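Letter by letter, the chains look like this.
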Amino acid sequence: MNYQDSKLWGGRFNKEPDVFFRKFNTSLRVDHRLVIQDIISSIAWSKSLLECEVLTVEEQGRIELELNNLLQEVSRNIEMIQNSLHEDIHSWVESKLIERLGDLGKKLHTGRSRNDQVTTDLKLWCKYAIQILLNHLHHLERAFFIQADLTTDVIMPGYTHLQRAQPITFSYWCLAYIEMFRRDESRLQNALQRLDFSPLGSGALSGTSWCIDRDKLAVRMGFSSATRNGLDSVSDRDYVLEILSAASISMIHLSRFAEDLIFFNSGESNFIELSDTITSGSSLMPQKKNPDALELIRGRSGKVHGLLTSMLILLKGLPLSYNKDMQEDKEILFNAFDIWRDCLNMSIIVLNSMKVKKNTCLYAAKMGYSNATELADYLVNKGVPFRESHYIVGKIVLEAISRKFSLEQLELSVFKKYHVCFEKDVYDVLDLNSCINSRNVKGGVSFQEVKKSLDEVKNYLDERKNIYLSKYMNDITSSE
Ligand code: ARG
């Protein structure tokens with residue numbers, strides 16, 4: 001096929017496009033990923049054209065059949081798209097139809113513009129992508145849950161300013177990340193609700209003169225209903241921004257997770273051991289086992305933040321409605337999706353394969369004076385004002401440091417030197433288990449609260465098992 005035949009326009013032009021412009025203008029390299037969505041929305045559109053009597057039953061049937069054939073072919077051989085000369089995926093699908101059906105294929109674009117078509121396809125793709133991401137988030141939460149369940153008795157220091165602060169359990173640390181990823185999940189679900197309206201039938205910007213039942217068309221494609229305003233519909237890329245911002249926030253969580261584990265895996269803390277399968281060696285230093293997978297997650301998070309910024313800037317000040325700048329949205333979104341999905345996946349593999357070292361964790365919690373708050377509270381219980389007890393305990397810690405002792409190794413006489421109220425029962429309070437158990441408020445680190453949280457998370461995960469992907473498949477395959 002020559003270039004002239006691959007174009008969907010041309011009547012108004014006397015000259016052929018510049019060869020470099022053609023390359024510059026094409027988006028097929030990127031938007032071939034919308035092929036399934038373009039075929040689905042085209043089939044739905046053909047049914048609306050039948051209702052408006054633009055197509056006969058027989059014509060619509062032939063178009064639908066040919067589009068379905070095309071779907072089969074591309075799923076077997078995606079390269080057939082990438083190697084062609086077309087301007088974009090919409091031109092490609094339509095040209096294939098014309099190639100196979102002749103003049104009948106030329107009827108499909110009646111009343112439709114690529115402006116409403118591209119955003120419809122992209123919204124359909126986003127619905128699919130969100131289900132994939134929800135699924136990954138679900139599996140990541142499950143991986144954290146498995147670790148959390150195994151480590152309820154692993155005491156370790158919790159940090160502020162990267163200094164040992166108060167004792168926590170490894171389980172509690174896992175539960176913190178489950179909270180973050182649950183919020184990411186709900187952000188995606190909110191985005192999904194807001195994007196679930198079909199722009200198709202908005203035409204170039206002001207609707208179509210054909211008698212399309214847009215709500216019916218929307219439901220046919222799996223949307224809840226049609227959008228309200230055509231001008232907004234073809235201009236709107238909020239849903240792309242929302243997914244990118246959910247991705248950016250989630251990548252922050254992933255980068256903090258990566259950083260925590262890099263630190264836990266370092267020779268300095270030695271709380272966990274990462275598996276050989278996700279680490280690499282040094283070309284020079286034989287003793288090294290580098291946490292590459294985690295460093296890459298940390299590194300790639302910045303890329304997603306850059307992609308969100310690109311998209312914000314792309315849209316800022318852009319006049320309504322469609323402008324070609326918007327063609328760039330797909331590369332941005334697809335890149336962010338790929339990075340987010342891969343990093344979620346990598347995190348699951350890391351968590352499932354790592355080992356937590358109970359004894360080193362406990363040793364670090366003991367050596368970090370992480371029970372000093374308990375000592376201050378002990379004096380408060382004996383009637384000493386908190387500020388004063390805080391000062392006294394600071395002095396006791398100083399003495400312990402100078403003698404290279406933990407607090408519980410100090411003799412009672414030492415405690416008494418600093419305050420008369422200290423008695424033998426101070427050692428019960430300093431015990432790490434009792435430090436942990438004393439924080440028994442909702443969301444606290446006590447063993448009892450952690451057990452409650454684990455039960456709640458287990459129910460949450462079990463309720464959601466398998467729903468995400470199966471729901472999407474129903475949406476896509478349901479016809480009227
Ligand atoms: N390829 C374009 C995109 O991805 C769609 C075409 C939009 N319409 C137009 N008149 N150029 O954004």
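Bear in mind that the values here come from a model prediction, so they are computed numbers and not experimental data.

Moving on: the packing of aromatic side chains. For the coordinates displayed, the defined rule picks out 20 aromatic pairs. An angle of 25° between the planes, with centres 5.9 Å apart, marks the rings of Phe144 and Phe181 as stacked. Highlighted residues: Phe144 in helix α8 (residues 114–150) and Phe181 in helix α9 (residues 170–195), separated in sequence by 37 residues. Among the residues examined, Phe144 registers a relative accessible area of 0% and is labelled buried. Given the relative accessible area of 0%, Phe181 is considered buried. Taking NZ or CZ as reference, Lys127 lies 4.9 Å from the ring centre of Phe223, over its face. The residue whose ring lies beneath Arg182 is Tyr460, and the NZ or CZ to ring-centre distance is 3.7 Å.

Let us now look at the site of the ligand. Residues in close proximity to the ligand include Ser27, Asp88, Arg114, Asn115, Val118, Tyr322, Gln327 and Lys330, which together make up its full environment. Interatomic distance of 2.4 Å between a side-chain N/O atom of Tyr322 and an oxygen atom of the ligand. The fraction of the free accessible surface of the ligand (350 Å²) that becomes covered by protein chains is 85%. Here the shell around the ligand takes 3 residues from α8, the largest share from any one element. Tallied by class, the residues present in the shell around the ligand amount to 2 nonpolar, 3 polar and 3 charged.

Conventions and cut-offs
Residues numbered from 1 in each chain as written. Predicted model: local features only at pLDDT ≥ 70, side-chain atom pairs only at ≥ 80, totals over all residues. Heavy atoms only, no water. Phe/Tyr/Trp six-rings, centres within 6.5 Å; stacked < 30°, edge-to-face > 60°. Helix = DSSP H or I, 4+ residues; strand = E, 2+ residues; numbered from the N terminus. Buried < 20%, exposed > 50% of the residue type's maximum accessible area, 1.4 Å probe, protein only. Lys NZ or Arg CZ within 6 Å of the ring centre and 35° of its normal. Near = heavy atom within 4 Å. Polar contact = N/O pair within 3.5 Å; in protein donor to acceptor, adjacent residues only side chain to side chain. Areas by Shrake-Rupley, 256 points an atom, 1.4 Å probe, with all protein chains shown as cover. Nonpolar A, V, L, I, M, F, W, Y, C, P; charged D, E, K, R; others polar.

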